[in-house]
Amino acid sequence: MPGTALAQLRRGPERRMGNITATQRGGGASGRRRKRNREALPGTRRGCAGRGPNSHGQHCTAPPLGGTARHGTARHGEMVPELQKSTVRIQQPERVMGVIRAIKEQGCSKLQVISDFDMTLSRFGCNGRRCPTSHNILDNSHVISEDGKKKLKDLLHHYYPIEIDPNRTLEEKRPLMVEWWTRAHELLSQQKIQKGDIAQIVRESDVMLRDGFNELFDQLHKYSVPMFIFSAGVGDVLEEIIRQANVFYPNVNVVSNYMDFDDSGVLKCFKSPLIHTYNKNNSVLQGTAYFQQLSTRTSIILLGDSMGDLTMADGVPSVENILKIGFLNDKVEEQRGRYLDAYDIVLESDETLDVVNGILRYILMET
């Protein structure tokens, strides 16, 4: 496919864009109230929260954590009160607080944030209903034929079990994920999607950013902290989401799967390189020079919701401090151990950015 990694690096505009408020996009109480009586997304399956290009699933609520949650001490709570939330689990609280203090000591001029988008910055569910990913937004829209929707769902049923199969290695999964994304993108390219329809498709969707997204984007913009969104979703769609939420600031950069339109504005294919769940690393960033330009930004806060997100910072030439925060959205009991081993802080069934914002407030607060 035409296009390069360099072509996929998108920077936010020099001013706020869009005309949809935070409340309209689900960032406020009234936005959430409007979601309560909506129908479940077409094609949802209980217990299926795939990371694939056309994955759906029913929101699974974790059991109460009670006294089993591994919180920081009261002293840690004084530094970052949000770490006392019942959704927070930390395997090594002393080490984690040491990393947070080190990032603060380095200062905001050394900091950058690297984040996944779908189910990390966007919500996993709302009131027991799954919220759509950037691929789902297209799959469920009026521009996709019924035959196209059926074929996309068939791909999900075939490849999703492979994606989550604990008995398969990453080496086995990667070529099959390439196959899945490629076939899904080919199906979407056959639908004659118009570039001019993307904004309306997003407006008509049930997508919701996590509660607290305004504070996150605003804080990073205020202190000129770069935010790098590394997504296996659809870049054109996710950009429109943050644009309509009025938070697409110039410090926001996106690398994702972008559509390639012909001269009449009709989707003809997706640009390369293809980004899937298990190749979100430096291999698809070659030629962007993004991290090289930020070589002095040696403190990193990484936000993700899958094992594949853990490699998103691999392209950073020099890392002094890195804090990995993982959103554990589904199959909580089954995956808790793996997430606690991989992420510094695990947020279980937490649809907010409270903890991330609390940590940033502490780091960015003047001493």
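Just so it is clear, the structure is predicted and the values come from calculations on it, not from any experiment.

Conventions adopted
- Residues numbered from 1 in each chain as written.
- Predicted model: local features only at pLDDT ≥ 70, side-chain atom pairs only at ≥ 80, totals over all residues.
- Heavy atoms only, no water.
- Axes fitted to C-alpha atoms, helices over the stretch in contact; angles between N-to-C directions.
- Helix = DSSP H or I, 4+ residues; strand = E, 2+ residues; numbered from the N terminus.
- Parallel < 35°, antiparallel > 145°, perpendicular 65-115°, else oblique.
- Left-handed = near helix turned anticlockwise from the far one by under 90°.
- Contact = heavy atoms within 4.5 Å.
- Buried < 20%, exposed > 50% of the residue type's maximum accessible area, 1.4 Å probe, protein only.
- Polar contact = N/O pair within 3.5 Å; in protein donor to acceptor, adjacent residues only side chain to side chain.
- Lys, Arg positive; Asp, Glu negative; His and termini not counted.
- Salt bridge = Lys/Arg side-chain N within 4 Å of Asp/Glu carboxyl O.
- Nonpolar A, V, L, I, M, F, W, Y, C, P; charged D, E, K, R; others polar.
- Expected span 1.5 Å × (residues − 1).
- Phe/Tyr/Trp six-rings, centres within 6.5 Å; stacked < 30°, edge-to-face > 60°.
- Pairing = 2+ DSSP bridges.
- Right-handed = clockwise from strand over helix to strand, strands pointing away.
- Core = buried A, V, L, I, M, F, W, Y, C linked by side-chain atoms within 4.5 Å.

J.: How should the packing of helix α6 (residues 146-164) against helix α7 (residues 170-189) be read in this particular structure?
T.: Packed helices, taken two at a time, are described by the angle between their axes plus the distance between the axes. For the pair α6 and α7, interaxial distance at closest approach is 10 Å and the crossing angle is 165 degrees. Regarding the angle of α6 to α7, the classification is roughly antiparallel. As α6 runs across α7, the sense of the crossing is left-handed. Residues K151, L152, L155, L156, Y159, Y160, I162, E163 and I164 of α6 touch α7, and the partners they reach there are K173, L176, M177, E179, W180, R183, A184, L187 and L188.

J.: I tried to follow the side chain of T277 on my own but got confused; where do I start?
T.: Positionally, T277 belongs in the loop between β9 (267-270) and α11 (290-293). Overall, the relative accessible area of 4% leaves T277 in the buried class. In terms of polar contacts, T277 uses its side chain to reach the side chain of E163, at 3.3 Å.

J.: So what exactly am I meant to see when it comes to the side chain of R130 here?
T.: Relative to the helices and strands, R130 resides in strand β5 (residues 129-130). Buried charged residue R130 carries no salt bridge. Nearest counter-charge: D330, at 5.5 Å.

J.: Looking at this structure, I do not really get helix α13 (residues 354-364). What am I missing?
T.: Helical geometry note: an α-helix holds 3.6 residues per turn, so side chains three or four residues apart project in the same direction. Extensive coverage of α13 is indicated by the burial of nine of its 11 residues. Turning to α13, its buried residues number three or more, namely V355, V356, N357, G358, I359, L360, Y362, I363 and L364.

J.: Sorry, what's going on with the packing of helix α4 (residues 93-106) against α13 here?
T.: Where α4 meets α13, the axes come as close as 8 Å, and the angle between the chain directions of the two elements is 45 degrees. With respect to α13, the element α4 is oriented oblique. Between α4 and α13, the contacting residues are I100, R101, I103 and K104 on the first element and I359, Y362 and I363 on the second. Partitioned by chemical class, the residues of the contact of α4 with α13 number five nonpolar, no polar and two charged.

J.: Would you mind going over the environment of Q219 with me for this structure?
T.: Within the secondary structure, Q219 is located in helix α9 (residues 213-222). For Q219, a relative accessible area of 11% gives the class buried. The spatial distance from the C-alpha of Q219 to the C-alpha of L360 is 7.9 Å, given a sequence separation of 141 residues. Beyond its immediate stretch of four places on either side in the chain, Q219 contacts N357, L360, R361 and L364.

J.: I'm lost on α7 in this one. Help?
T.: An ideal rise of 1.5 Å per residue puts 28 Å on 20 residues; α7 measures up with 28 Å between its terminal C-alpha atoms. Among the residues making up α7, those that are buried are K173, M177, W180, W181, A184, H185, L187, L188 and S189.

J.: I would appreciate a short explanation of the packing of aromatic side chains in the present structure.
T.: Here a ring pair, both rings aromatic, is described through the centre-centre distance and the interplanar angle of the planes. Applying the stated criterion across every chain yields a total of seven aromatic pairs. Residues W180 and W181 carry aromatic rings whose centres are separated by 5.5 Å and whose planes lie at 65 degrees to one another, so their mutual orientation is edge-to-face. For W181, a relative accessible area of 0% gives the class buried. Aromatic pair Y339 and Y343: ring centres 5.7 Å apart, planes at 25 degrees, arrangement stacked. Each of the two residues, Y339 as well as Y343, counts as buried. The rings of F228, F230, Y290 and F291 are connected pair by pair, giving a single aromatic cluster.

J.: Is there a simple way to think about the pairing of strand β11 (residues 321-328) in this case?
T.: Two faces belong to every sheet, and in a regular strand the side chains alternate between them. Of all eight residues that make up β11, six are buried, and the element is covered over most of its length. As paired strands, strand β10 (residues 299-304) and β11 are joined by six bridges and run parallel to one another. Residue pairing in the sheet places S299 in a bridge with N321 of β11. Here β11 runs beside strand β12 (residues 345-348); their pairing, made up of four bridges, is parallel. Bridge pairing in β12 links F327 to L347. Taken together, β11, helix α12 (residues 332-342) and β12 form a β-α-β motif whose crossover is right-handed.

J.: Explanation requested: the nonpolar core in the structure shown.
T.: Nonpolar side chains in soluble globular proteins tend to be buried together. One finds I301, I345 and I359 to be the most contacted residues of the largest nonpolar core, which totals 98 residues. Here I301 is in contact with I103, L111, Q112, V113, I114, L323, I325, I359, L360 and I363, once residues within four sequence places are set aside.

J.: What exactly am I supposed to notice about the pattern of salt bridges here?
T.: Close approach of charged atoms allows side chains of opposite charge to pair. Within the structure shown, the criterion is met by 19 salt bridges. In this structure, E215 engages R361 in a salt bridge whose closest nitrogen and oxygen atoms are separated by 2.3 Å. Of this pair, E215 sits in helix α9 while R361 is found in helix α13, placing the two residues 146 residues apart along the sequence. Its salt-bridge partner being R243, residue E240 comes within 3.0 Å of it at the nearest N-O pair. You can see E240 and its partner R243 sitting in helix α10 (residues 235-244), three residues apart, about one turn around the helix. By relative accessible area, E240 is classed as buried at 12%.

Purely geometric stuff here, so don't read any function into it on its own.
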